[in-house]
Amino acid sequence: MSLRALWIISNEKGQKASIRFSKRFSTVEHRARNLAGSSYVAVPEDSDFLQLLLTELGLSNSDKSYVADRDDCLYRPRSPAVELRLNGKGTLWPVLVLSQGPLILACLPLVDILSEPRPPLANLLSVSQGVTLLAGLQTFLLGSGVKLDSEGLASRVATLPSLLLQVCPLGTPFDTPLAGTPTASTVPTSTVTHKQPAWKTGVYRGRATVNVAVVETVRSMQYGNQSRQDLWDVYGTVTCKCEVEGALPNVTVTLSLPPNGSPLQDILVHPCVTSLDSSILTASSVDNADGSAFSGPYKFPFSPPLEPFRLCSYTSQVPVPPILGSYQLKEEENNLRVSVSLKLHESVRNSFEYCEAHLPFFNRNQMGVVDVKVSSGQVDVSKEKNLLVWGLGQKFPKSREVTLDGKISFTGSSLGPSDPLCTGLTAYIKLYLKVPDTTLSGCCVDQHSVQVYSSAKPRIVTSRELQSKEYFIWNSTGSAPVSSGQPDYLCRFKKSCWDVILLCLKTRLLVPQRHQVFDEATDSVRVCVAEDPGMQTDRQHDGCFT
Amino acid sequence: MASNWTERISAFCCSPSSFLSGTNPDAFLAELLRELRDDRASYGVKVLLLSPLCEYPTLLCSSESVGEETALDLMSVFTQCPPRSSQFRCHLLVALTSVLVCSSCVSNRSRASLDFIDLLLQICQDTSDRDGDGRQRCPRATACDCLCEIEASCPGLLSQRLELLAGLRQQETSWLHQAYAGLHILVLRNAVYQLTKQTGAGAAHLKALLDGNTSVAWEADQEAFHMVTKDSAIQSSLILGPMGRVPTLHTGPDCKELRSVLSSLLEESYLLTPLCQAALFRRLTEVVAMVPGIPPTIFRAQLLRLLGTNEVCLLHVTLLMKCAFTDSLFSAEDEAFLLKRLVVLSQHPLLSTPEKLFYMDCILHFPENRPINCGDSDEALPVLLTPQLASALLPTVFNDSATLLARLHLQALVFLEEGEEEGRGLAYIYDHLTALLHIVDRGGSRDIVVTFFRAAFLFLFYFQHVEGYSARLSEQLCQLYLQHTQLAPHILNLVDKTLERLPECNWALGLLQGLQRVISTAPLGQLTLRDLSCHLKVLARVAEEGKISQCSTLGFLSAVITQSSSLLCTSGDWRLGNGVLGVCRRVLLHPSLDSLLIPLADILQHLTCYYGDTDIQDHARLYYTLLTTLSREKLSVVLAQSAAEGGGQVKKRTLSCVMAESEGLTNILTVHQTEQPVFQLTEALSGLQQEMENLQLSQDEGDKALESYRAQFSESGFASQIMLKYHLTHTEPHDPRFEQIFSICLHFSLTDDHYEQLQDISVPCLFRQRPPPVVQLTLKPRRPYPTTIHVSAIFTSKDGLTWHTTMPDVHVEFQQAFLPLPVPLSWSRASRQDVFEGLWDEFCSEMGDCIISLFCCQLREAALKALVEKHFLPFLVSDLSQEDELRVLLFLPPRSHVLLKISSEEDATQFNMATDTRQLLPHMNSYLLTVTSSQDESVR
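Residues numbered from 1 in each chain as written. Chains lettered and ligands numbered in written order. Predicted model: local features only at pLDDT ≥ 70, side-chain atom pairs only at ≥ 80, totals over all residues. Heavy atoms only, no water.

(A) View of the interface of chain B and chain A. At the junction of the two partners, chain B supplies 132 residues and chain A supplies 120 residues. Of the roughly 11400 Å² buried where chain B meets chain A, counting both sides, 60% is carbon and sulfur surface. For the interface between chain B and chain A, the tally reads four salt bridges. The salt bridge partner of A:R31 is B:E149, with a shortest N-O separation of 2.7 Å. Between the two partners, chain B and chain A, sit 36 residue pairs in polar contact (both at pLDDT 80 or more). For the side of chain B that touches chain A, the element with the most residues is helix 7 (residues 86-102) of chain B, which contributes eight residues. (Contact = heavy atoms within 4.5 Å. Buried area = accessible area lost by both parts, 1.4 Å probe. Salt bridge = Lys/Arg side-chain N within 4 Å of Asp/Glu carboxyl O. Polar contact = N/O pair within 3.5 Å; in protein donor to acceptor, adjacent residues only side chain to side chain. Helix = DSSP H or I, 4+ residues; strand = E, 2+ residues; numbered from the N terminus.)

(B) Representation of the UniProt feature "domain: AP-5 complex subunit beta-1 N-terminal" (unreviewed entry) in chain B. This chain's UniProt record puts "domain: AP-5 complex subunit beta-1 N-terminal" (unreviewed entry) on residues 30-100 of chain B. Secondary structure content for residues 30-100 of chain B is 80% helix and 0% strand, and the end C-alpha separation is 17 Å. (UniProt positions renumbered as here; feature names shortened; annotations may be inferred.)

(C) View of the nonpolar core. Counting 323 residues, the largest nonpolar core has A:F300, A:F302, B:L74, B:L258, B:F299 and B:L385 as its most contacted members. Those residues in contact with A:F300 that sit more than four places away from it in its chain are A:V251, A:T252, A:V253, A:L255, A:I267, A:V269, A:L276, A:I280, A:L311 and A:C312. B:F814, B:F818, B:L867 and B:Y927 belong to the second largest nonpolar core, which has 61 residues in total. (Core = buried A, V, L, I, M, F, W, Y, C linked by side-chain atoms within 4.5 Å. Buried < 20%, exposed > 50% of the residue type's maximum accessible area, 1.4 Å probe, protein only.)

(D) Representation of the packing of aromatic side chains within the structure. Residues and elements named next belong to chain A. Across all of its chains, the model carries 38 aromatic pairs over all chains by this definition. Look at Y428 and F472: their rings are 4.9 Å apart centre to centre, the planes differ by 80 degrees, and that puts the pair in the edge-to-face class. You can see Y428 sitting in strand 21 (residues 428-436) and its partner F472 sitting in strand 24 (residues 459-474), a full 44 residues away along the chain. Overall, F472 belongs to the buried group, its relative accessible area being 2%. Lying over the aromatic face of F410, R364 brings its terminal NZ or CZ to 5.0 Å of the ring centre. (Phe/Tyr/Trp six-rings, centres within 6.5 Å; stacked < 30°, edge-to-face > 60°. Lys NZ or Arg CZ within 6 Å of the ring centre and 35° of its normal.)

(E) View of unusual backbone geometry. All names here are of chain A. The linkage connecting W93 with the following residue, P94, adopts the cis geometry, with an omega of -10 degrees. One non-glycine residue with positive phi stands out, namely N363, at about 55 degrees. Within the secondary structure, N363 is located in the loop between strand 16 (354-360) and strand 17 (370-374). Here the phi dihedral of R400 falls at roughly 65 degrees; this positive angle occurs in a residue that is not glycine. For R400, the position within the fold is in the loop between strand 19 (387-391) and strand 20 (401-409).

(F) The sheet that holds strand 4 (residues 91-100) of chain A, seen in detail. All names here are of chain A. Here five strands make up an open sheet; going across it, the order is 2-1-5-4-3 and the pairing antiparallel. Strand pairing shows two members of the sheet lacking a second neighbour, strand 2 (18-24) and strand 3 (81-85), which therefore form its edges. Averaged over all adjacent pairs, the angle separating strand axes in this sheet is 25 degrees, with direction ignored. Alignment of strand 3 against strand 4, held across four bridges, turns out to be antiparallel. Each residue of the ladder has a partner; that of A81, found in strand 4, is L96. (Pairing = 2+ DSSP bridges. Axes fitted to C-alpha atoms, helices over the stretch in contact; angles between N-to-C directions.)

(G) Structural view of the packing of helix 17 (residues 300-307) of chain B against helix 18 (residues 312-325) of chain B. Residue and element names in this part refer to chain B. Between helix 17 and helix 18, whose axes approach to 9 Å, the crossing angle comes to 135 degrees. Classified by the interaxial angle, the pair formed by helix 17 and helix 18 is oblique. Handedness of the crossing formed by helix 17 with helix 18: left-handed. Counted together, L303, L306 and L307 of helix 17 and L314, L315, T318 and M321 of helix 18 form the full contact between these two elements. Partitioned by chemical class, the residues of the contact of helix 17 with helix 18 number six nonpolar, one polar and no charged. (Parallel < 35°, antiparallel > 145°, perpendicular 65-115°, else oblique. Left-handed = near helix turned anticlockwise from the far one by under 90°. Nonpolar A, V, L, I, M, F, W, Y, C, P; charged D, E, K, R; others polar.)

(H) Structural context of the pairing of strand 3 of chain A. Counted residue by residue, strand 3 of chain A has four buried out of five residues, so it is predominantly covered. Joining the antiparallel neighbours strand 3 of chain A and strand 4 of chain A is a turn of five residues, in which A:G88 adopts a positive phi near 65 degrees.

(I) Up close: the pattern of salt bridges. Counted according to the given criterion, the structure contains 45 salt bridges over all chains. The closest approach of N and O atoms between A:K469 and A:E470, which form a salt bridge, is 3.8 Å. On the accessibility criterion, A:K469 (12% relative accessible area) is buried. Measuring nitrogen to oxygen at the nearest pair gives 2.8 Å for the salt bridge that ties B:R300 to B:D334. Of the two residues, B:R300 is situated in helix 17 and B:D334 in helix 19 (residues 332-345); the sequence distance between them amounts to 34 residues. B:D334 gets classed as buried once you look at its relative accessible area, which sits at 17%.

Shown next, in the form of structure tokens:
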């Protein structure tokens, strides 16, 4: 349950990877030596470690297309725990690695099971503990992750020694670093009668306020093709910020669904939830949906920490996607004929904070003449001339349907971005939308259902919001990049398709898009300014996109 | 000064070995401790100074005694440190723990370690430091952590304090109760473990243990107690799955006390951070597993909370609980639920990729209530994982590579289990592979290329027997290769690995044949030189397979070199020419050579006549001659000899090697690197000027001894060198290739600037059977400090290859720089004594760098005499028979002296020292420490 060593490595593009911070826990190392006996493998010095790790992660010699040590097909890197093959001195295992953006975090947990050749990862508690600590450090170092500022990072790295003294002084992690300090005024607890939670470092004093926000995210893949099933899914998170007096105050939040709503599935709760009804956990997206499943109300009694936290998350199977789209491209002489229609489902509130459709074009020249007509909203060409942005404003028209038709010629002087997926007529529209005060599943938190057991009457604020992420509509005249032939009985495939969809967008060249900030932490694109996209057309893009 | 420390500490932590090679660990430690005691240094710097002690205590405190002394020093720093600088105090506690644990002081119950544990317990009980700042970890919490670590390193040490710790935990209401809980459960777990190892221990012992009535519990002898703590099994996890054997304590159902302690810990578990909760639950699981009197159901109340959690470590510890208790805690429904939960978590949109991958690993090691295949740690699918359930984890092209491969692997296992080879599941996987292939085809990144080939290998590994798919894959790979010839190394790697792992399967041969076909049938008009070079590599590999006919290969070669538009012959590219020859050479060894004779001869002849590079022409001519004049048997013997090269066998470089293609040729031209040092320098004992004794010491310099001694130094280069003799010997294990080596050139590089650069040294030869040659190093010190010298060498092996090797470092010890007084041999003893006296008086003035010092130790007279005879005889100025005081003069080039007056007092031996170079004192000190302590032991 302890770590032998910890490393923080920066690996920024165009710069040599370097170790920014490293720490060895000597007493744990001492135990490791005792436990492993003759099979003990010492931790190499920093520079050797860095080289070995980069090779293992496939990051060394990036200019060479094939390096035997790195690219052997026999080898399957078993993230999150990799092994480092030391030259003739055994292998170092398990090295846990988390990497995000320019940072690579690694640690070496103690293997406390005597077993040859090696125990399964799943039997070592230190592995999940190491992953938790690394993830906590990652959040602490990168902040909210909008954009890495090297100065901020340097100053945070500088505070690591004192931070580790608190959370992991001798190699056994006790806590993860707190990302943000609680803003509420707190006082030390000197006169408490009840034992105070270790995850709560003070007591709030002041008026009780409870803030509960339900945010649902919808993802979709629409093909407009008979042979291929359109896919969509919804997941939601309930975030709370509670300012309530007392060492261990009780709060209960209840989620409820409309009468015919489909049950919330895959519910995960924050550890501050004190108890759970077993029926809440039964519904699962990998199960055959059972009509008789429990459908609320979902009660979550908890004692809140000081900082904002994610009380729970869920997924939901809604019958329809909020916007159904069709996208058709036709190659004409020198032109590409574009035809798009988007339909807003009647159950969705027609009042957006923003709604934009992005039409990127890859593996072509820059756009020349763009001759498109829209039935609603307005179209802009990006500065780089490889992306159409169709701003739909705050509302769809009464008919709830909008269209875009026209021709684009790709006669620009220079070549646009390339992409291995989107060749020929394989192309997509990506939708960005946010609808305040609604959820697709119908899940909501009623103000009156929030119970706070305290003397003063608390102020309770609840909110709902629907947003999109990875909402793709593929051109139906081209082949979409999915494996064909989904077997019928595998229509559950639906869920799996959603996993880490952004990978392809991360690994390939992307068009820099306006108004957006790519949020590495949440893997999502935030649209910063959406009130009036037209105003922003020529504003310099700040290049956050990777 | 502060910034200097920052740099030095970071240099140390970056690479302790190279940092310490430039200095003496003892000297560095002494410096650190001095600075820590210095009131002027800021706490910021002092915290920094502690980091080498925290991270590398064993490097600085090489022995228990050094650890003990260092700890005493640090403790005195602690007592003098004002309470308000609590951060520094915390760091000090951590450093002390590190030093004491790692130098084995704790496990040997040294005085300092026991004092330190008392100090920690005292801090733990001192509730007056109720600290206001919530987030700052006060010394009380750190003291708990240190105790925890000490108990973990030395299990059972605190067993007798169990009652005290339980009380502390119960009383504490601030968030610090978490630290106490962690300590309490760990000590409890170790104590119970110890009881399980005592024969006859039972409920009464357990009760006594919990009540703190240790006289009952520990009436057993201390010897047994030590046995248990030294046993590393106690430090390891006791949850090993159904097959793991956990030692048990038979108490019967009557263990109320333990049960109430456990319940109270469980009740408060909610108040701990997830990481501490997970640790607590694991320790509790171990305790309950060891005491069958406590039913596992005491965990029931916590289960639901744990099953719904979003914290990876809490769910993980729940799985470990299941591993330990199986169906005595988890019903069949629980099991089904837990597995489904894992599948959900393995693809949950809100979890990070490492977490999801970890959950997938947990699926493959799912602790089943009734496992079918138990014991081995190999991955196995849980029975409950149906294809239906697993379909949530189908790979997609949007997955990152690690996820994709992990999912592919899981699915392969699922379909293999189902035995549905023609099923749609397999079709999906194959389609997925095809989708990846298309991305590669369209120019996917390097990462995708590598991932694709790994996926292809996985697919073949499990499904090569499904002919339909493997044949299609082979076909698609051939087409892919034709479009992207730069993928040749990846494809050949796939071929080699499939042959290696699946020797039964001839898929790889089929692929090679396919490649040969597409290469030889592709239109030549579009062939670029780059493609050609890849093709030649592939064809060379194809030609190694005796079962594949080489006709089409030769047809292709012939077409390439003879076609009228061929740039190849006219360009005369040496590399490509070699590529062609490489293929020809392998064909020469091919079993079906007889039928290939004429086309091959044509090709070679054409190359001989028309290729635009003379070297290639010559080689081709040679091959041609061999082909046309030698019988097949002779040919294969001649060629096979060099083909087998690199097999670790000594091979004579014969003609055949010269004519081998580029690899063989470059082999001779390049300098090879040895994997391991081949030879080393070992110190040769030098009989240091024994002849001195035989000389007539007659010349008397009178009063002017010191003056004339000094005058010698006006001559430049006088006594400025140290000669060190070494034997050059082979290292073990011995490598037959390097039995006899020649023309060795030793190169030395310094790690610091204390010495002048060394000249290279040549050694004509080194044979294993003969006595080792002596190598004399001539060192010219600037400052006579210990140092480390990196040594490397270039040499020629018997087979004519040139090698570069790194040799083990040469460490020059402090005492190796000692020389006797550099005066003419004829000087009388009196004159030497005069010089000694003169210098002594001068140094005692302590002007400039001069300094005197005193070193004391306990040595019996005989031991002292032996010591002087062993270490100081050549440097002795006085007579050895002189009883009261021995005088030793150490000269260290270029101009330093260390003078010693050694005398035995009643209780101690005193080494009075005087030197003109203050910096030598720490080195001298540690040298004396070593020689006196070793002498002490040897005499005893």
